[in-house]
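Each chain, letter by letter, is given below.
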Amino acid sequence: MKELIARSLKYQQGVVSVLDQYLLPHQEVWHECRTVAEMAELILTLKVRGAPLIGLAATLLVAYLAEQGADKAALAQAIDELEATRPTAVNLMHCMGKLRGALQATDFASQVVATAEMLFEEDIALCERMANLGAELVKQGDNILTHCNTGALATAGIGTALGVIHQAHAAGKDIHVWVDETRPLLQGGRLTAYELACWDIPYTLICDNMAASLMAAGKVDKIFVGADRIAANGDFANKVGTYNLAVLAKHHNIPFYVVAPVTTLDVVCPNGKAIPIEERNPLEVTGVSGSFGSCQWAPQNAKVFNPAFDVTPAELVMGWVLDTGVYDQHAVAQGALLHVS
Ligand code: MRU
């Protein structure tokens, strides 16, 4: 396989490595990964995270195993096991589906490698396209609110919603970003704040429950978020807390955009009710952990509900920014997403 290098994932000198997103921003630790069990653990613990990146990291591992001479059965099992790690982000299923297709070939090892290279490079191009399209929606001086982390850390390219913000800033628009900290795992506070600081884009970190009063005060002009799965009718799953923002945006008449590549579309899924939502460990809610150690503040055995994602209904979205174009309510209601490829 050729060298493939992204911000938090690389294949270099014959080794797959990932940047540990759980330790950022205080420690930059790369993990080398050689087995399915290692990659599954990295994904499950969110050291590797973000819809496109999860799919690509799993893909590079399968391609690495193919290069190491794994047979068809072993590769098929690796694909199955990696696909089962996280249920909501459909990019993982998209990538594993492509690899299953490559496994059908007689020269399956070289086809798996070629598919992995294609998926990685394609993601870079998809990010670039949707970021440029989304940046056109941004006006000089906009205050943009975003949730979770959707930047270069979460993709092979420049990112999805955060890619839009990056391109708007690069185009010279004088913007400011409100960063939702994104409880429980703080992808906003840990990662988005870090990426914006690296890119020199002005931002202010807020707790998730502060967004409403900012909107009421007229301090939010637009909201851009990413997606983990977009259903055929435009409903989409994204990091829990996204739906709250969409309801608030509707109430305050603030444009709410979702930004995602075609690899996040699941047109077989009719609507948001059919999207599987991952539930995670209660310890993520009863406390916090990271490079600084860990702390549990809730009472022992507190009962917890911890869905990693929520579903935003299409009716609350002003525009779907895909790499193929920006689709409005009317287009999506007419079935536009069914014809995107
Ligand atoms: O649980 P995570 O951190 O993998 O969730 C990530 C998100 O919800 C992102 O908003 C999503 O993947 C879109 S973009 C990269």
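Our subject is the structure that appears above.
Here the residue index of a chain counts from 1 through its sequence in written order. Since the coordinates come from a predicted model, pLDDT governs what is reported: local features require at least 70, and pairs of side-chain atoms require 80 or more to be given and counted, while whole-chain, interface and lining totals use all residues. The side-chain quantities take in all heavy atoms of the structure and omit both hydrogens and water.

Caption draft 1: Main features of empty space enclosed by the protein. Using only the protein atoms, space was sampled on a 1 Å grid; points where a 1.4 Å probe fits but cannot get out form cavities, open sets with protein on both sides within 12 Å along at least five of seven lines form pockets, and lining residues are those with an atom within 4 Å of a point. Grid points are joined across faces, edges and corners, and a volume is the space filled by probe spheres set on the points. On inspection of all chains with the given rule, the structure shows 4 cavities of 30 Å³ or more. In this structure, the largest cavity spans a volume of roughly 200 Å³. Around the largest cavity, the lining comprises 24 residues; the ones closest to its centre are R49, G50, A51, N149 and D228. Secondary-structure elements contributing two or more residues to the lining of the largest cavity are α2 (51-67) and β10 (236-239). Starting at the N terminus, helices and strands are each numbered in turn, a helix being any DSSP run of H or I of at least four residues and a strand any DSSP run of E of at least two.

Caption draft 2: Local environment of the sheet that holds strand β1 (residues 4-5). Spatially, 4 strands are ordered β1-β2-β3-β4 in an open sheet, and the strand pairing comes out antiparallel. Two strands lie at the open edges of the sheet, namely β1 and β4 (30-33), each paired on one side alone. Of the pairings in the sheet, the one linking strand β2 (residues 9-12) to strand β3 (residues 15-19) comprises 4 bridges and is antiparallel in character. Following the sheet pairing, L9 is matched in β3 by V18. Here a residue-residue contact requires only that any non-hydrogen atoms of the pair lie within 4.5 Å. Lines fitted to the C-alpha atoms define the axes, with helices restricted to the stretch that makes contact. Angles between their N-to-C directions range from 0 to 180 degrees. Of the strands in this sheet, β1, β2, β3 and β4 touch α2, which is tilted by about 20° from β2. Following DSSP output, two strands are said to pair if at least two bridges run between them.

Caption draft 3: The arrangement of the sheet that holds β10 in detail. The strand order β12-β9-β10-β15 describes an open sheet built from 4 strands, whose pairing is mixed. In this open sheet, the two edge strands, each paired with only one partner strand, are β12 (265-266) and β15 (309-312). Relative to β10, strand β9 (residues 229-231) runs antiparallel, the two being bridged by 2 bridges. What sits directly across from I230, in β10, is F236. Sitting on the sheet, helix α9 (residues 242-252) is in contact with β10 and β15, with an inclination near 30° to β15.

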